[in-house]
Amino acid sequence: MKMNTIESPLSRFQLPKLAAVALGGLLLVGCAGNPPNEQFAVTESAVRGAMSAGATEYAPVDMRAAQEKWKQAELAMQKENYEEARRLAQQAEWDARVAERKAQAAKAQKAVEDAQKGIQELREESMRGLQQ
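The name that an unreviewed UniProt entry assigns to the chain is Chromosome partitioning protein ParA, with the source organism given as Stutzerimonas zhaodongensis.

Printed below as a string of structure tokens:
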């Protein structure tokens, strides 16, 4: 049994598009008025991780940028400027992640240099042993 369906002005292709646009608008409105608590938690974790990785020593410029943006984000949060707070917290998070990666890379480079130095010392020691 075949049923005849009447196409409405909103075809089956237009309805999902409209729903997506409406949902996107609701999300934007919802984000604008809510404190970015989750982003703040992520940012705080990233800043702490960078500090424990030695970013203040190995990547001081990036770490300072992260800390300054983090402070600005906290001030924006106190003023209930949530969009600005969210944006600054995201930037601070990424600055902290860059600082952490740079610190890890610097530590790895130092370990490679130390290993190469140790290998060189062993070679020199073995050469002295052969000469005796």
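A few words on the side chain of Thr-43. With respect to the helices and strands, Thr-43 occurs in helix α2 (residues 37–52). The contact partners of Thr-43, leaving out residues within four places of it in the chain, are Trp-70, Ala-89, Gln-90, Ala-92 and Glu-93.

In the structure shown here, the tally under the stated rule is 8 salt bridges. Across the salt bridge formed by Asp-95 and Lys-69, the nearest N and O atoms sit 2.8 Å from each other. Residue Asp-95 is found in helix α5 (residues 82–131), and its partner Lys-69 is found in helix α4 (residues 60–78); the two are separated by 26 residues along the sequence. The class for Asp-95 is buried, based on a relative accessible area of 17%. Lys-69 gets classed as partly exposed once you look at its relative accessible area, which sits at 24%. Between Glu-100 and Arg-101 there is a salt bridge, with the nearest N and O atoms lying 3.7 Å from each other. For Arg-101, a relative accessible area of 48% puts it in the partly exposed group.

Ala-46, Val-47, Ala-50, Ala-53, Ala-55, Ala-59, Met-63, Ala-66, Ala-96, Ala-99 and Ala-103 together form the largest nonpolar core, which totals 11 residues. When residues of this core are traced back to their parent elements, those giving at least two are α2, α4 and α5. Once residues within four sequence positions are removed from consideration, Ala-46 is found in contact with Glu-93, Ala-96, Arg-97 and Glu-100. Counting 10 residues, the second-largest nonpolar core is a separate cluster that includes Met-77, Tyr-82, Ala-89 and Ala-92.

Definitions and cut-offs
Residues numbered from 1 in each chain as written. Predicted model: local features only at pLDDT ≥ 70, side-chain atom pairs only at ≥ 80, totals over all residues. Heavy atoms only, no water. Helix = DSSP H or I, 4+ residues; strand = E, 2+ residues; numbered from the N terminus. Contact = heavy atoms within 4.5 Å. Salt bridge = Lys/Arg side-chain N within 4 Å of Asp/Glu carboxyl O. Buried < 20%, exposed > 50% of the residue type's maximum accessible area, 1.4 Å probe, protein only. Core = buried A, V, L, I, M, F, W, Y, C linked by side-chain atoms within 4.5 Å.

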